Amino acid sequence: MDVKIAPSWKEKLEPEFSKPYFKELTAFVKEEYREHTVYPPGPLIFNAFRHCSFDDVKVVIIGQDPYHNPGQANGLSFSVADGVRVPPSLQNIYKEVSDEFDKPIPQSGNLERWADQGVLLLNATLTVRANSPGSHQKKGWEEFTDAVIRIVSDEKEHIVFLLWGAYAQKKGSVIDDTRHLVLKSAHPSPFAANKGFFGNNHFIKANDYLLAKGKEPVEW
């Protein structure tokens, strides 16, 4: 797999790329792209690590799978390509941001603008077969993204981790919450948003924490 990521990430993750599980994962992913329609497009698999270097990370938002319908996934959790209809979970994220900051809801679901400010939009699984959610789970991606979270937790200070829903919270179990701010709530999906996502004030809390630690807040 041709891993195009920011140099600071490459340095941190180089040991993972040489491990047996990653070589098996690479072989699996290459075959899937040859035999099936897979999302996101190959060049965007590691998009989160290109837009947000290790040095710049200040917030981490953990998702699960990439979107599995045509044209949606762009390698950033919860984000879709420009011109694509905003998915329901992201609509609810935008609604919460709008309520917290009294600002208009964006028309585009492309979250590259967040990533470029130091928000690592990390899915647990970085690829998925078209129309087949979960199809690339338990193939090695989870081990890789666990390593990413552990490295951020262990080697950086005062990061905000936003863990929405049981899956993200379980994946965040490796985070040292004595060194970072870990915010948990229900998932923003339509099935759960009314059970604790709406009104969680995570975006205000994240910015207040960043300011208190001498960092630039995120323009959500």
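Let us look at the structure shown here.

The rules behind the values
Note that residues are indexed from 1 along each chain, following the sequence as it is written. Totals for whole chains, interfaces and linings use all residues, but because this is a predicted model, local features are given only for residues with pLDDT of at least 70 and pairs of side-chain atoms are given and counted only at 80 or more. Side-chain metrics in this entry use all non-hydrogen atoms of the structure; hydrogen atoms and water are not considered. Helix and strand definitions follow DSSP, with helices as H or I runs of at least four residues and strands as E runs of at least two, each counted in order from the N terminus. For this measure, only C-alpha atoms enter the radius of gyration; the expected value for a globule follows 2.2 Å times N^0.38, where N is the number of residues. Residue burial considers only the protein chains on display, and all accessible areas are found by Shrake-Rupley using a 1.4 Å probe. In these notes, a set of buried Ala, Val, Leu, Ile, Met, Phe, Trp, Tyr and Cys residues joined through side-chain atoms within 4.5 Å is what counts as a nonpolar core. Residue exposure (1.4 Å probe, protein chains only): buried if accessible area is under 20% of the type maximum, exposed if over 50%, otherwise partly exposed. Residue contacts are counted whenever heavy atoms from the two residues lie within 4.5 Å of one another. Think of the arc as the fan of directions from the helix axis to the C-beta atoms. Here, axes are lines fitted to C-alpha atoms. For helices the fit covers the stretch in contact, and angles between N-to-C directions go from 0 to 180 degrees. Reported orientations rely on four angle classes, namely roughly parallel under 35 degrees, roughly antiparallel over 145, roughly perpendicular from 65 to 115, and oblique for the rest. Helix crossings fall into two classes, left-handed where the near helix is turned counterclockwise from the far one by less than a right angle and right-handed where it is turned clockwise. Charged residues are taken to be Asp, Glu, Lys and Arg, nonpolar residues to be Ala, Val, Leu, Ile, Met, Phe, Trp, Tyr, Cys and Pro, and polar residues to be all remaining types, Gly included. Throughout this description, a polar contact denotes any pair of N or O atoms lying within 3.5 Å of each other; where both atoms belong to protein, one of them has to be capable of donating a hydrogen while the other can accept it, and for residues adjacent in sequence the pair is counted only when both atoms sit in side chains.

Turning to the overall build of the chain, a few remarks are in order. For the chain, the helix and strand inventory stands at eight helices and six strands. Secondary structure elements in the chain, listed N-terminal to C-terminal, are α-α-β-α-β-α-α-β-β-α-β-α-β-α. The C-alpha radius of gyration computed for the chain amounts to 17 Å, which stays within 12% of the reference 17 Å derived for 220 residues, consistent with globular compactness. Here the chain has roughly 10,100 Å² of accessible surface; of this, 50% comes from carbon and sulfur atoms.

Moving on, we get to unusual backbone geometry. When glycine is set aside, most residues are seen to have a negative phi, and most peptide bonds are trans. Across the junction of Tyr-39 and Pro-40, the peptide omega takes the value -5°, indicating a cis bond. Within the element layout of this structure, Pro-40 appears in the loop between β1 (38-39) and α3 (47-51). Positive phi is not limited to glycine here, since Asn-131 has a value of about 60°. Relative to the helices and strands, Asn-131 is located in the loop between β4 (128-129) and α6 (141-155). We note that Lys-138 has phi near 60°; this positive angle belongs to a residue other than glycine. Here Lys-138 shows up in the loop between β4 and α6.

A word on the nonpolar core. Counting residues in hydrophobic clusters, the biggest one holds 69 residues, and the most contacted among them are Trp-9, Phe-46, Phe-49, Ile-61, Trp-114, Phe-144 and Trp-220. Examining the composition of this core, we find that six residues originate from one element, α6, more than from any other.

Glancing now at the environment of Leu-121. Inspection of the secondary structure assignment puts Leu-121 in strand β3 (residues 119-123). On the basis of relative accessible area, Leu-121 is assigned to the buried category, the value being 1%. When the C-alpha positions of Leu-121 and Val-59 are compared, they lie 8.5 Å apart, and in sequence the two are 62 residues distant. Residues within four places of Leu-121 in sequence aside, it is in contact with Ala-48, Ile-61, Gly-75, Leu-76, Ser-77, Leu-111, Trp-114 and Ala-115.

Here Gly-199 lies in the loop between β6 (181-185) and α8 (202-212). Sequence separation of Gly-199 and Glu-100 is 99 residues, and the distance between their C-alpha atoms is 8.0 Å.

A few words on α8. Where α8 is concerned, the buried positions are His-202, Phe-203, Ala-206, Asn-207, Tyr-209 and Leu-210. Angularly, the buried residues of α8 cover 160° about the axis, an arc narrow enough to put them on a single face. Those residues of α8 that are exposed and aimed more than 90 degrees away from the buried face are Leu-211 and Ala-212. Its buried side turned inward, α8 meets β2 (59-63), α4 (88-101), α5 (112-115), β5 (160-164) and β6. Looking one or two residues beyond α8, the residue adopting positive phi is Gly-214, at roughly 80°.

Packing of helix α1 (residues 7-17) against α6 leaves a shortest axis separation of 11 Å and a crossing angle of 135°. Of the possible angle classes, the one that applies to α1 and α6 is oblique. The interaxial crossing formed by α1 with α6 has right-handed handedness. Facing Trp-9, Lys-12, Leu-13, Glu-16 and Phe-17 of α1, the residues of α6 in contact are Phe-144, Ala-147, Val-148, Ile-151, Val-152 and Glu-155. Of the residues belonging to the contact of α1 with α6, the class tally is eight nonpolar, no polar and three charged.

With that out of the way, let us pick up the environment of Asn-110. Its location among the elements puts Asn-110 in the loop between α4 and α5. Exposure remark for Asn-110: the relative accessible area of 10% places this residue in the buried category. Placed 24 residues apart in sequence, Asn-110 and Val-86 show a C-alpha to C-alpha distance of 8.7 Å. Polar side-chain contacts of Asn-110 include one of 3.3 Å to the side chain of Asn-74.

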